[in-house]
Amino acid sequence: MIKVNDLTGGYAGGEVLKGINFEVGKGELFGILGPNGSGKTTLLKMISGALDFSQGSIDLDCRPLDLYSPKQLARLMAVLPQHSDQAFPYTVKETVSLGRYAHQKGWFNSWRGEDERIVQKVMEQTGVTHLQEKSIVELSGGEKQRVFLAQALAQQPRVLLLDEPTNHLDLSFQKELLDLLKKWAAEEELTIVSIFHDLNLASLYCDRLLLMENGEVLIIDTPVEVLKEERIKRVYKTQIKNHPHPEIAKPQLLLVPEADSSHDADFKIDARFLDVGQDRIVLQSPVKLRTMSSGITGAGIGWHSSFVHRVVPMEYDCSDHKVEMAEYLQENGFLPSETVGMMTAVPAETASYQLFEADGMSIFIIVSAGNTHRDSPRNINTWLFINGRISEEAFIQSAMTAAEAKISVLHELEGSGMSNAGQLAGISTDSICIAATQQGEAIAYAGTATPLGKLISEGIYTCTKEAILNYRASKPAFGYK
Ligand SMILES: Nc1ncnc2c1ncn2[C@@H]1O[C@H](COP(=O)(O)OP(=O)(O)OP(=O)(O)O)[C@@H](O)[C@H]1O
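Because the structure is predicted, anything quoted here is derived from the model rather than measured.

Draft legend 1. A look at the site of the ligand. In the vicinity of the ligand, the contacting residues are Tyr11, Gly13, Val16, Gly34, Asn36, Gly37, Ser38, Gly39, Lys40, Thr41 and Thr42. For the shell around the ligand, the leading source of residues is helix H1 (residues 40-48), giving 3 residues.

Draft legend 2. Here's a closer look at the sheet that holds strand S1 (residues 2-11). As summarised here, the arrangement of the 4 strands in space is S2-S1-S4-S5, forming an open sheet in which the pairing is antiparallel. Across the chains shown, the open sheet's two edge strands, defined by having one partner strand only, are strand S2 (14-24) and strand S5 (63-64). In the sheet, S1 pairs with strand S4 (residues 55-60) via 5 bridges, with the strands oriented antiparallel. Directly across from valine 4, in S4, lies its bridge partner isoleucine 58.

Draft legend 3. Broad picture of the environment of alanine 473. Secondary-structure assignment places alanine 473 in helix H13 (residues 451-478). Alanine 473 sits 130 residues away from methionine 343 along the chain, and the two C-alpha atoms are 22 Å apart.

Draft legend 4. Main features of the environment of valine 276. Looking at where valine 276 falls in the secondary structure, it is placed in strand S13 (residues 274-276). Overall, the presence of 17 C-beta atoms within 10 Å leaves valine 276 in the partly exposed class. Sequence separation between valine 276 and tyrosine 353 is 77 residues, and the spatial gap between their C-alpha atoms is 9.9 Å. Residues in contact with valine 276, not counting those within four places in the same chain, are Ile281, Ala348 and Ala351.

Draft legend 5. Structural context of the nonpolar core. With 65 residues, the main nonpolar core has Leu33, Ala150, Leu161 and Ile192 as its most contacted residues. The biggest single contributor to this core is helix H5 (residues 141-154), with 7 residues. Of all hydrophobic cores here, the second largest spans 52 residues; its members include Val311, Met342, Val367 and Ile468.

Draft legend 6. A look at the sheet that holds strand S6 (residues 77-80). Taken in spatial order, the 6 strands line up as S6-S7-S8-S3-S9-S10 in an open sheet, and their pairing is mixed. With one partner strand each, in any of the chains shown, S6 and strand S10 (216-221) form the two edges of the open sheet. On average, adjacent strands in this sheet sit at an angle of 15 degrees to one another, irrespective of strand direction. Across the sheet, H1 lies against strand S3 (29-33), S6, strand S7 (159-163), strand S8 (191-195) and strand S9 (208-213), angled at about 155 degrees from S7, the strand it touches most. Of the strands in this sheet, S6 and S7 touch H5, which is tilted by about 170 degrees from S6.

Definitions and cut-offs
- Residues numbered from 1 in each chain as written.
- Predicted model: local features only at pLDDT ≥ 70, side-chain atom pairs only at ≥ 80, totals over all residues.
- Near = placed C-beta within 6 Å.
- Helix = DSSP H or I, 4+ residues; strand = E, 2+ residues; numbered from the N terminus.
- Pairing = 2+ DSSP bridges.
- Buried ≥ 20, exposed ≤ 12 C-beta atoms within 10 Å, placed from the backbone.
- Contact = placed C-beta atoms within 7 Å.
- Core = buried A, V, L, I, M, F, W, Y, C linked by C-beta atoms within 7 Å.
- Axes fitted to C-alpha atoms, helices over the stretch in contact; angles between N-to-C directions.

What follows is the structure in structure tokens.
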């Protein structure tokens, strides 16, 4: 639908764009990204015919742009510029109706039922029908933006050029507008080229992205290929982290603020923060830790500062243990949103905990072990606190390394009586929490052969063995066979 070939040009002061090449297909939602001043608006102005270029060509529907008359172009293409200002205090409906100009034979005297129907439809789609009698100068920035979008849509274009369309829009209108554009692109084969400053919205909605740098095309590809962490850090000269969206397969980029200098890089989690009571084990960290856990509250990946291992009677039975656990935490002064909360019938007194240090690294481990039901073989709960800044891979590898160390203890203590590793691994309610301070040197890996992995293996082995032996020694006191 749009073919840009070797496009070069700029303003009186000099060339801004240098040798731009790309094509946009019918029905495609195509995003243009780039830092301030990289040439995005200049490119959009040239495609719209508002700015001449010195070299190259732009074809619309296989025909050079300069062969279209202004009115022909307006029937084919609509533009929503970055700052839509209107000098005259027209009403909203009048402003939207201006979009029908390209389809008029004369002017308002030739207003047809079809024009009225389209104006009403686009006002409804953009949520401005209720404002139609208001003067445009009385509207908020977001309302104006929607009115000018309605005006562009009233043109019934086949190509829509947008310069930051979500500028001024609140969260729900951003989503509504982009959902609508996506729908039009798919259902009505509307070709949309849009500049985005919000890389995350561009990632969610665009089929392909063009990333500009200094007036040139750096890359054109799908969002997942374009929005690579290292590339965006370099081009935008800022710290970001790339993180997959939790619901759909699109990347999202998160800004990383300057480190909080009040935070102590040598901060360590150890027994100072632990409180082992009769009916619970609590670790309270003064700072939030990055966590990966199978807790009842705080499950999955998150940031938490309280860790509560609650001991419940063997008979504990509750239809909604998540709600009941949240109530328990609240009643006992813990914020559920900041707490990894686990529940077990394993006695707290038999838990084993210790700080392990080697190679300038340290980890603090707490393991509890015992029977949770008379007929279940065992239940082993593991908390692993890593005093370091670990990668996502290292989180996963820490869990693997910890599980392997746990199984080796079970082999050693009960191996001959167990037929397979699955049986040895305990019961399905075994829980694990890996928490890291995310301070200090980066640690990339935690497999068994790495320094951190070795420390985890040793620590989990030692604490798991001690917790099982403690439990065995205390068994009569708890009345289990
Ligand atoms: N009317 C103009 N006359 C002269 N130079 C201009 C004009 N408009 C833009 N420029 C220059 O062209 C370059 C590219 O500007 P452009 O507006 O295309 O960038 P952009 O990527 O859209 O930036 P932003 O993200 O800030 O909107 C900048 O160096 C800018 O100063």
